[in-house]
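Structural description and commentary
Take a look at the letters that make up each chain.
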Amino acid sequence: MLQWYIEDAGGGCRSFSEVLVLVCENPRLIYQSFLPLTWDNKLSLEEMARQKVLEMMQQAGVKQDDYLYVCSGNIFFGLHKWLTENGYHWETAKMDGLAHEVAEHTFQQQIISAGFPAEIRLEERNYRDYYRQVDAWIKEDPARTQYVKDIKVRCKPASLRYILKGNAGGTRTCSRCRKKILPYSPIVQYRFRDFGKKKCHYYHPACSPVKPQKNKLQQAHIYWRGEVLHGVILPARETLPCRVCEQEVPTGTKALHAHRDKEFIFGHPNCFIHLKDDA
């Protein structure tokens, strides 16, 4: 059984191809691949990365009884799912050894080969400063735009940016029907960028233009003083007493949140009488 390490480099840089590596430290085996700057086969970034890694795994002869340590970055989410579905033994890990060294060195050599000053190097994993210098170098010469990544093909599909979750304590306005979305009720959040600024739109689940593929919603249907209330289970934002047992619910602990008119219902989920989800 061999132990393999899968790492990437350059994902945070707006220019130059991401480097993907598959490494075994004992015996020393190194496989590398590059993501293209753009592609037209309608694959997502995660799917393209998975495809490239699987090609390296096939080339390396990785077996199902080998063990794989995979970087936890978003670029490998598709690979994580594939490894699980196909019965591989793996786990996420922070890369500090050979795989990290090879990936970073290969990415830097790619930039130097394009003419970037060799004396400017990544120091102590200060990626923000390093990539800022790469961006400045690209802008010095219009011809260097050939190295800029196609951001559009790397963006997640809009459908993946819709999230079904529990609304917090504030009232929001639905971006479709313009009616209120009540506190502690189901809500669909759509995250996007507008001229570089992060923004959100909110919808009632029935008003959402896309059915969310990501679900963070934990609903609760409870009896409270002779009534059926519908609430959500969210981490407590502050330490408050449970309305049933009167014991404090610490900040960050999952707690039931619900409203009855202007009355706020809060507490340990297990302290309430729950109904089935179809209540």
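As shown above, the structure is provided for reference.
Below: a short report on this structure. Nothing here was measured: the structure is a model prediction, and the numbers come from that model.

1. Section: the overall build of the protein chain
If you tally the helices and strands in the protein chain, you get five helices and 18 strands. On C-alpha atoms alone, the protein chain measures out to a radius of gyration of 24 Å, which is more than a quarter above the 19 Å that the 2.2 N^0.38 rule sets for 279 residues. For the C-alpha atoms alone, the extent of the protein chain along its principal axes is close to 70 × 50 × 35 Å. Within the protein chain, the proportion of its 279 residues that are buried is 40%. With an accessible surface of roughly 16,600 Å², the protein chain has 48% of that area assigned to carbon and sulfur atoms.

2. Structural notes on the packing of helix H3 (residues 98–113) against helix H4 (residues 127–139)
H4 packs onto H3 with a crossing angle of 20° between their chain directions and a minimal axis gap of 12 Å. In terms of orientation, H3 and H4 fall into the roughly parallel class. The handedness of the crossing between H3 and H4 is left-handed. Judged by residue contacts, His-100, Glu-104, Phe-107, Gln-108 and Ile-111 of H3 engage Tyr-127, Tyr-130, Tyr-131 and Val-134 from H4. The class makeup of the residues in the contact of H3 with H4 is six nonpolar, two polar and one charged.

3. Notes on a nonpolar patch on the surface
A cluster of nonpolar side chains, Tyr-223, Val-228 and Ile-273, forms an exposed patch at the surface whose accessible area comes to about 290 Å². Within the secondary structure, Tyr-223 is located in strand S12 (residues 219–224). The exposure class assigned to Tyr-223 is partly exposed, which follows from its relative accessible area of 45%.

4. Quick notes on the pairing of strand S6 (residues 162–166)
In terms of burial, S6 is largely enclosed, as four of its five residues are buried. Note that S6 and strand S9 (residues 186–194) share five bridges and pair antiparallel. Note on S9: the bridge partner recorded for Gly-166 is Pro-186. Relative to strand S11 (residues 214–215), S6 is paired through two bridges, and the arrangement is parallel. Across the sheet, residue Ile-163 finds its bridge partner in S11, namely Lys-214.

5. Quick word on the environment of Tyr-69
Tracing the backbone through its elements, the reader meets Tyr-69 in strand S4 (residues 67–70). With relative accessibility at 18%, the residue Tyr-69 sits in the buried group. In this view, Tyr-69 contacts Gln-3, Trp-4, Tyr-5, Ile-6, Glu-91, Ala-93 and Met-95; residues no more than four positions away in its chain are not counted.

6. Let's talk about unusual backbone geometry
For the bond from Asn-26 to Pro-27, the omega torsion is 0°, close enough to zero to count as cis. Within the secondary structure, Pro-27 is located in the loop between strand S2 (19–24) and strand S3 (29–34). Of note, Arg-225 is a non-glycine position whose phi angle comes to about 50°, a positive value. As for its position among the elements, Arg-225 is in the loop between S12 and strand S13 (227–235).

7. Quick look at the nonpolar core
Judged by nonpolar contacts, the single largest core of 25 residues is most densely connected at Leu-22 and Phe-76. Taken together, the elements giving at least two residues each to this core come down to strand S1 (3–9), S2, helix H1 (45–60), S4 and helix H2 (77–85). No other element matches H1, which puts seven residues into this core. What Leu-22 contacts, discounting residues up to four positions off in sequence, is Trp-4, Tyr-5, Ile-6, Leu-29, Ile-30, Tyr-31, Met-56, Met-57, Ala-60 and Val-62. Formed by 21 residues, the second largest nonpolar core is a distinct cluster that contains Tyr-69, Ile-111, Tyr-130 and Ile-138.

8. A few points about the packing of H1 against H2
In the contact formed by H1 and H2, the axes pass within 7 Å of each other and the chain directions differ by 55°. On the basis of their axis angle, the class for H1 and H2 is oblique. Listed contacts from H2 to Glu-46, Arg-50, Val-53, Leu-54 and Met-57 of H1 are Phe-77, Gly-78, Leu-79, Trp-82 and Leu-83. Per-class residue counts for the contact of H1 with H2 are seven nonpolar, one polar and two charged.

9. Notes on the sheet that holds S1
Taken together, five strands build an open sheet; the order of strands is S3-S2-S1-S4-S5 and the sheet is mixed. Unpaired on one side and paired on the other, S3 and strand S5 (89–92) mark the two borders of the sheet. Across the sheet, the mean angle from the axis of one strand to that of its neighbour is 20°, orientation sign disregarded. With six bridges joining them, S2 and S3 adopt antiparallel strand pairing. Its bridge partner being in S3, Val-23 is matched across the sheet by Ile-30. Against the sheet, H2 touches S1, S4 and S5, its axis set at about 150° to S5. Sheet strands in contact with H3 are S1, S2 and S3, and its direction is about 145° off that of S2.

Cut-offs applied
- Each chain carries its own residue numbering, running from 1 in the direction its sequence is written.
- Given that the model is predicted, a residue must reach a pLDDT of at least 70 before its local features are reported, and side-chain atom pairs must reach 80 or more before they are shown or counted; all residues, however, enter totals for whole chains, interfaces and linings.
- Values reported for side chains reflect all heavy atoms of the structure, with hydrogen atoms and water molecules removed beforehand.
- Think of it this way: any DSSP run of H or I at least four residues long counts as a helix, any run of E at least two long counts as a strand, and we number them from the N terminus.
- Within these notes, the globule rule equals 2.2 Å times the number of residues to the 0.38 power, and the radius of gyration is based on C-alpha atoms.
- Only protein chains enter the accessibility calculation, which uses a 1.4 Å probe; a residue is then buried when its area is under 20% of its type maximum, exposed when over 50%, and partly exposed in between.
- Using a 1.4 Å probe, accessible areas were evaluated by the Shrake-Rupley method; residue-level cover was limited to the displayed protein chains.
- For helices, the fitted axis covers only the stretch in contact; all axes are lines through C-alpha atoms, and the angles between them, taken along N-to-C directions, range from 0 to 180 degrees.
- Our angle categories are set so that under 35 degrees counts as roughly parallel, over 145 as roughly antiparallel, 65 to 115 as roughly perpendicular, and the remainder as oblique.
- The sense of a crossing depends on the near helix, which, turned anticlockwise from the far helix by less than a right angle, makes the crossing left-handed and, turned clockwise, makes it right-handed.
- Here, residues are in contact when the closest pair of their heavy atoms is within 4.5 Å.
- Note on residue classes: Ala, Val, Leu, Ile, Met, Phe, Trp, Tyr, Cys and Pro are nonpolar, Asp, Glu, Lys and Arg are charged, and everything else, Gly too, is polar.
- Patch membership needs two things, relative accessible area over 30% and no salt bridge, and members are linked within 9 Å if like-charged or within 5 Å if nonpolar (Val, Leu, Ile, Met, Phe, Trp, Tyr).
- One speaks of a salt bridge when a side-chain nitrogen belonging to Lys or Arg is within 4 Å of a carboxyl oxygen belonging to Asp or Glu.
- A pair of strands counts as paired when DSSP detects no fewer than two bridges linking them.
- Side-chain atoms within 4.5 Å link the members of a nonpolar core, which is a set of buried Ala, Val, Leu, Ile, Met, Phe, Trp, Tyr and Cys residues.

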